[in-house]
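# Notes for the structure review
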Amino acid sequence: MKTLGVMTIAWLLAAASAIGQAGQKPPMAEEVFKNVQLLKGIPVDQFMGTMGFFSASLGLNCTDCHVDESGGNWAKYADDNALKQTTRRMIRMVTAINQTSFGGRQMVTCNTCHRGTRHPNVMPSLALLYGAPPPDEPGDPIQQAPGQPSAEQVLDKYIVAVGGAQRLAAVSSIVAKGSYKGFDDADKSVMEIVAKSTGERRTVVHTLSGESTTTLDGREGWIAAPEAEKPVPLLAITGQELDGARLEAQVWFPARIKQALSKWRVGARAVIGDREVQPVQGSTAGGATVTLCFEVNSGLLVRLVRFSESPVGRLVAQVDYSDYRDVSGMQMPFQWRVSWLDGRSVFELTDVKLNAPIDAATFARPGVKR
């Protein structure tokens, strides 16, 4: 399973031996990665997301930021160079600006000035000024907008659209097969997903290097990948990222959607592509912000946007749902595209079964293959 840029950087910095056991506190970045000087005291998955934030903000990838030899030598990603030293200075600068000018609130980030370019542009763009406005990107924090329906009304319409409360309540498990294609993959890979309405979910992608598995047991979560792809064979999903992963799993069982988030609020209608959508936003138990975009006409969920906080900025992820089909009276998306700061993947289903028995051991912490 391949992704862009900096997610790979974080893996390549790693020492594979520092992996926490189930139920234990996950290791911090400085316990796993070499030469971490500023971004200490954060879990490995948040460190990786932070690297992705740098990549997206500056439009760079792994070897752009690291020494030339790092492309073929994992240990070389820990070596210092001028760009890494500049990055540390910029982190200190941005932190100081936020502390002195905004009371410590994270108002200025790398993306504030860079906007996807290596060198900040100090000259306004006339093409942008007089060109077409950028597309709507629902996902920023919102308040309940005047004149809009309540969150309960929007969610009730969604529940009716995907099969009705009675039918949805009867769905306890989903077993599905299909394909996966990463951003820079040449071909699709075989994929299997099993999930239960109580929050467990397991996704297995059969890549050329071996199995890549993401598992949620209802409380904890892990990503296991072949050593050929990632020298750290098991990554714990933590904090607000874990909250977001749980929600994505819960979306497969809409009967419980109202309980999945709190502090619901509805924003003004927006446009995604050629569809008018109603954004509905809520908060996870850990404080992550999630926006669900429902098509106004059909009531179906077409986009999920979630972000979590990091030391350098918001780590955003987006899921776009499409190709809804009837499965025993329940409408399910047979395709969804997952985009995050350093990768994009497309999942497609070919076969779905509801209420098939699933062994509880399926959702146990993945074993590490060496």
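For the structure, see preceding data.
Before going into details, it helps to say that this report is about the structure given with it. Remember, it's a predicted structure, so these values are computed and weren't measured experimentally.

## Digging into the layout of surface pockets
- Each pocket or cavity is described by its volume, and for the largest pocket that value is around 1,400 Å³.
- What lines the largest pocket is a set of 41 residues, among which N111, R115, E137, V316 and L341 lie closest to the centre.
- Among the elements of the structure, α3 (44-58), α6 (110-114), β11 (301-308), β12 (315-327), β13 (330-340) and β14 (343-354) are those that each provide at least two residues to the lining of the largest pocket.
- A class-by-class count of the residues in the lining of the largest pocket yields 16 nonpolar, 15 polar and ten charged.

## Quick look at the nonpolar core
- Counting 42 residues, the largest nonpolar core has M332, W336, L349 and V352 as its most contacted members.
- Of all the elements in the fold, those that place two or more residues in this core are α8 (151-161), β1 (173-182), β2 (189-196), β10 (289-295), β11, β12, β13 and β14.
- Those residues in contact with L349, other than ones at most four positions away along the chain, are A176, K177, G178, M191, W252, M332, P333, F334 and W336.
- With 20 residues, the next largest nonpolar core counts V44, F47, L60 and V232 among its residues.

## What about the environment of V194?
- In this fold, V194 is placed in strand β2.
- Sequence separation between V194 and V204 is ten residues; the distance between their C-alpha atoms is 9.0 Å.

## A few points about unusual backbone geometry
- One non-glycine residue, N35, lies in positive phi territory at about 65 degrees.
- Among the structural elements, N35 can be located in the loop between α2 (29-32) and α3.
- Taking relative accessible area as the criterion, N35 reaches 32% and is therefore assigned partly exposed.
- For S328, which is not glycine, the phi torsion reads 55 degrees and is therefore positive.
- Within the element layout of this structure, S328 appears in the loop between β12 and β13.
- Take S328: its relative accessible area is 53%, and that puts it in the exposed class.

About the thresholds
- Residues numbered from 1 in each chain as written.
- Predicted model: local features only at pLDDT ≥ 70, side-chain atom pairs only at ≥ 80, totals over all residues.
- Heavy atoms only, no water.
- 1 Å grid on protein atoms, 1.4 Å probe; cavity = no way out; pocket = protein on both sides within 12 Å on 5 of 7 lines; lining within 4 Å.
- Points joined across faces, edges and corners; volume = space filled by probe spheres on them.
- Helix = DSSP H or I, 4+ residues; strand = E, 2+ residues; numbered from the N terminus.
- Nonpolar A, V, L, I, M, F, W, Y, C, P; charged D, E, K, R; others polar.
- Core = buried A, V, L, I, M, F, W, Y, C linked by side-chain atoms within 4.5 Å.
- Buried < 20%, exposed > 50% of the residue type's maximum accessible area, 1.4 Å probe, protein only.
- Contact = heavy atoms within 4.5 Å.

As far as function goes, none of this settles anything; it's purely spatial.
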